[in-house]
Amino acid sequence: MSQVRTNLMGSENNAEYKSASLPAQVKRQITQLFQGRFNAWLTRRIPAAAQHQLTSRNIFIMPTRFGFAYLFFVLLLFLLATNYQNNIIMLFSYLMASLFITAMMTSFFNLSGLIIKAQDKSRGHVDQPVNFVVTTTSPQRRFDLNFSFDLQNSVQLPLCSPGNNTVQVPYLGKTRGRFCPGRLKVSSEYCFGLFITWTRLDFQCQAIVYPKIKAINGALPAMSADFDSNENATSSNNGNDDFYELKNYVLGEPLSRIAWKQLAKGQGRFTKHYQQSQGNLCWLNLQDMPANDIESKLQLLCYIILEYSKTAQQFGLNLGTVKIPPNDGLQHMHECLTALADFSVRS
Amino acid sequence: MINTLLLGNRSEIQAVEQKTRFFKINLTTAWLLLFSQVFNIAMVAQQLSVWMLATIFICLAWRVLLIRQPGSKPQRFIFLLLTLSGCTAIAITSMQLGLLLAMLHLLCFSYALKALELNSRKDFYQLVVLGLFILATALIFKQSLLFTSVLALIIVFNFALLLHFFSPTETVSHILTRCGKMLLQSLPLALMLFVVFPRLAPFWQVPLANSAKTGLSDNVTPGDIANLARSNELAFRVTFNDEKPFYSQLYWRALVLDQYNGTSWLRSEDKKRRAWLDAENSQQYIPQVSGPSLSYQVIAQPSFRRWLFGLDIAVVNPQPMAQSVIIERPDFTLQSKDIISQTLSYQVNSFLEAPLDITLTREMKARNLQYPPGSNPRLEQEALRLRQLYTDNNDLVQAVLGQFRQQQYFYTLKPPTLVANSLDQFYFDTKTGFCVHYASAFTYLMRAAGIPARMVTGYMGGEYNPEGNYYSIYQYEAHAWTEIWLQGIGWKRVDPTAVVDPERVESGFSQQLINEQSSLSDNFFSLSNYKNSKWLNAVRLKLSAMDYQWTKWVIGFSSKQQIELLSRWFGQMLPWKTGLLIGLAFSVVMILLWLLQQQKVPVKGLSPWLKLYQKALSLLIGKGLEKPKAMSVSDFVVLVNRSLPNVASNFTQLSDCFIQLEYQNLTEQQQKTQIKAMHIQLKAIKKQI
């Protein structure tokens, strides 16, 4: 899984490296070095687990920009008090400073003790968010919880009531494949926005990103009735079978079975059904997809799989290297789509 | 169906994306913001000009409109116009307002205007901080206990606004209590810092408010002090260290006015210059005094003037030094080097029996005999007549006082107006006046008769507060009297008022004066209102005593007091000791806060329903039925139904409750009823087993 990711990312990185100037390269290397170190430390500090309870071990806390501005404001009050030799303003400024500490404690305890679980596997399409269900458990109320994966949109849970709460945290896949969204960041700026408390938890999440859905207008392309006959014949593959009946055309039926004569006579769109082929299994072939490049073909396949699954038709998938025998149902659909996501030319 | 399964809830994601792009605050938060703005500005409203208040009102009204109809944002150029015109108006009036008030106007103006441009979280934060800053500046002008208490509540409100922003689901009352609690939790450390943290000298000169002068003026015309008598404001407070003098001895001298220009009494110019020079050269006049003395502490309220108060010959204790803020003037009055812009406390020794100026220079004599000839011809004639009758100065004084006593002179706060401040008219025709009338006429007579005399203004009396063992001297106790110089005696106080209205100098205002004062004063808490109601007066005295302690220990807590207090506790104060104390206080507070929070949060405790469920499971184990770990709760119910039919119904209900509690978001009330049901079922199972 991680190999796929590095393969995909690696080529992009190389291209960028060549174009970057020398100082930028150095800068990037330094940040990477630090990031690497930090991540290694993080792995040791907060190891991966299916469930995390937040304690002082895994909670980070820092003043926000507003927090620093607030401290500056307290200093300003102190100056005002000193210059006017005004004890009450002085007391005011001390109170504000002291409140800063109280706010820090409150911020910390807003996260501390929270138990977080996350769904470890989730699926979605390219450019559509893959949602991970995150469950928080706590005996008391928590406020202003924000959940996000690295560089992804965040989801807010304004109030986490006692008991269990769930949120769907999105991960947006830019390319198909299997990805690890990284650590889940849970952050909060409760109570006054002076501090940000956060934690970065590793649930070893995995996002399976299916190809984009490329819709086909009109009828679906042909699919071979039988895997073995696929190689030699496509048009005359049903010649030996006995014609059985004409049925009303249903979206998704192969073009080859359309009763063209009846259609030409204007009697309507029917499909020919043969006695023998009734129990036959359909195969979706990658090569058969009417597109030039592999990605588009996969996108088309993706659409067809979803359409077939909608009408609960049986189908098999043939990607050349990977073959999934015909079946139907949700599990089968996901199996096929996962195969599309995992498909690579080299393997 | 599959699509929704795969794509998740798209609208939810979009909502999140929109949230980051457009800043929008919750409706309740918006109202809280508006109210906090109103409260904050109300605290400084007294200092703002009417036009500024009107502008702020318009801005806030617009803000209300914005809350109700979010689309009605002011157009950019209108906004700009408003900003520019407001700033120009402030700039134009700044000369008249003075720097401090101009800044305050600008602050309030931007605070009100900013609310119309609430586009990002940064704007919101800025508004909150600006609001807090306005509250802080309000404390420059007023620091009384009542004002500070109200201000503290408003601080809580401001933070409640901030808290509500981060927990919009909570009710306002809940948030207010939470903020109140947090501020209370912060108070110990703040107080500790207040006591321990070293007080620094001012870093630079700051502008002071130049208006709002209160109390006595150095230019007195008859009728002036009667105006002052309307005021119920506190002038200063006094605590006597050991014995208390009689009421009739409480003549608090503030100003000596020895120049009469025909209409009003003034301080002589060259004396002023000399006092100023004295202050410059730090060569202070130290009166040579001896005899028994009265020791007391005076806490003067900010008057935005310089003069201070003392009984007879008052010597500041310890002896005035070069850096002292108080100057002793040769006329035995005390004066502050700077304008008194906040409470000033000083220790004084008064020598009640010591003579004032046994000898008088010729220049001084001449000055105290001077009057514009012909300004009051009838009085001059009267003086000549008396002079011919009495050669002895004492006899002459007694004769004048006798006239005041015998003839129909009337003491009132509502004297008839005099034509060009004519003393003749008062003395011979109206015969009705306040202390300044009597003192002016008397001094004039004395001077005309050749006795050196001068007008002294200050306060007479004081209200004793048994709650705090101190005297409060209010503005309505302002008084004027005369000092005449007699050979061998020096300056002698003669108060014609004492003859006209003896009650005034024996015990204070008479009922008639109180009624007059109340009718003049527009204050609800006027004299008659509280002096006539016993319990109201008791409450007032109690509050006043609290305010006194507040003034003495908090407002007046000086660096000198701080050093004294700390060295009494910890020995000589060294920087490392201060640092250690602050560090210690800091860690103690942190630990206390930690414990306080920890108590509330049972971090690792099992939920009560899980405990109950586990109890039920252990009961079943006793019956030989154990729940496999991987089995779900509902599957186990089926198993129990099959193998232990006698407890089946109870266990099914118990499991149902458990599932609801564990997997559904129930309200607290619902949780309680479910847990109760679990208890009942558990008991039943126990019985059956």
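These numbers come from a predicted model, not from an experiment.

**Regarding the sheet that holds strand 16 (residues 470–474) of chain B**
Residues and elements named next belong to chain B. Read from one edge to the other, the open sheet built from six strands follows the order 8-11-6-2-16-15, with strand pairing classed as antiparallel. For this open sheet the edge positions go to strand 8 (313–316) and strand 15 (463–465), each flanked by a neighbour on one side alone. Neighbour-to-neighbour, the strand axes of this sheet turn through a mean angle of 35°, independent of strand direction. Of the strands in this sheet, strand 2 (234–240), strand 6 (294–300), strand 15 and strand 16 are in contact with helix 21 (residues 534–555), which crosses strand 15 at around 85°.

**Focus: the packing of helix 15 (residues 423–430) of chain B against helix 16 (residues 435–448) of chain B**
All names here are of chain B. Remark: helix 15 packs on helix 16, axes separated minimally by 9 Å, with the N-to-C direction vectors making an angle of 105°. By the angle between their axes, helix 15 is roughly perpendicular relative to helix 16. Packed against helix 15, whose contacting residues are Leu423, Phe426 and Tyr427, the element helix 16 presents His437, Ser440, Ala441 and Tyr444 at the interface. Here the residues of the contact of helix 15 with helix 16 are counted per class, giving five nonpolar, two polar and no charged.

**Digging into the pairing of strand 10 (residues 184–188) of chain A**
All names here are of chain A. Burial of strand 10 is one-sided: the residues Leu184, Val186 and Ser188 facing one way are buried, the residues Lys185 and Ser187 facing the other way are not. Where strand 6 (residues 142–149) lies against strand 10, five bridges are found, and the strand directions are antiparallel. What sits directly across from Asn146, in strand 10, is Ser187. Linking two consecutive strands that pair antiparallel, namely strand 10 and strand 11 (residues 195–201), is a turn of six residues; a positive phi of about 80° is found at Gly193 within it.

**A word on unusual backbone geometry**
All names here are of chain A. Of note, the amide linkage connecting Tyr190 to Cys191 takes the cis form, showing an omega dihedral of 15°. For Cys191, the position within the fold is in the loop between strand 10 and strand 11. Even without being glycine, Asp144 reaches a positive phi, approximately 50°. Structurally, the position occupied by Asp144 is in strand 6. At Leu151, a residue that is not glycine, the phi angle is positive and equals roughly 60°. Position of Leu151 among the secondary structure elements: in the loop between strand 6 and strand 7 (155–160).

**Some points on the environment of Ala115 of chain B**
In this fold, Ala115 of chain B is placed in the loop between helix 6 (99–114) and helix 7 (121–141). Those residues within four positions of Ala115 of chain B in sequence are excluded, and the remaining contacts are Leu33, Gln37, Cys59, Arg63 and Leu127 of chain B.

**Quick look at the nonpolar core**
Judged by nonpolar contacts, the single largest core of 134 residues is most densely connected at Ile89 and Leu340 of chain A together with Cys108 of chain B. In terms of residues, this core owes the most to one element, helix 4 (residues 87–111) of chain A, which gives 16 residues. Excluding its chain neighbours within four sequence positions, the residues that come into contact with Cys108 of chain B are Ile41, Val44, Leu48, Met52, Ile56 and Ile134 of chain B. Counting residues in each nonpolar core, the second largest holds 87 residues, with Leu396, Val436, Met460 and Trp485 of chain B among its members.

Parameters at a glance
- Residues numbered from 1 in each chain as written.
- Chains lettered and ligands numbered in written order.
- Predicted model: local features only at pLDDT ≥ 70, side-chain atom pairs only at ≥ 80, totals over all residues.
- Pairing = 2+ DSSP bridges.
- Helix = DSSP H or I, 4+ residues; strand = E, 2+ residues; numbered from the N terminus.
- Axes fitted to C-alpha atoms, helices over the stretch in contact; angles between N-to-C directions.
- Contact = placed C-beta atoms within 7 Å.
- Parallel < 35°, antiparallel > 145°, perpendicular 65-115°, else oblique.
- Nonpolar A, V, L, I, M, F, W, Y, C, P; charged D, E, K, R; others polar.
- Buried ≥ 20, exposed ≤ 12 C-beta atoms within 10 Å, placed from the backbone.
- Core = buried A, V, L, I, M, F, W, Y, C linked by C-beta atoms within 7 Å.

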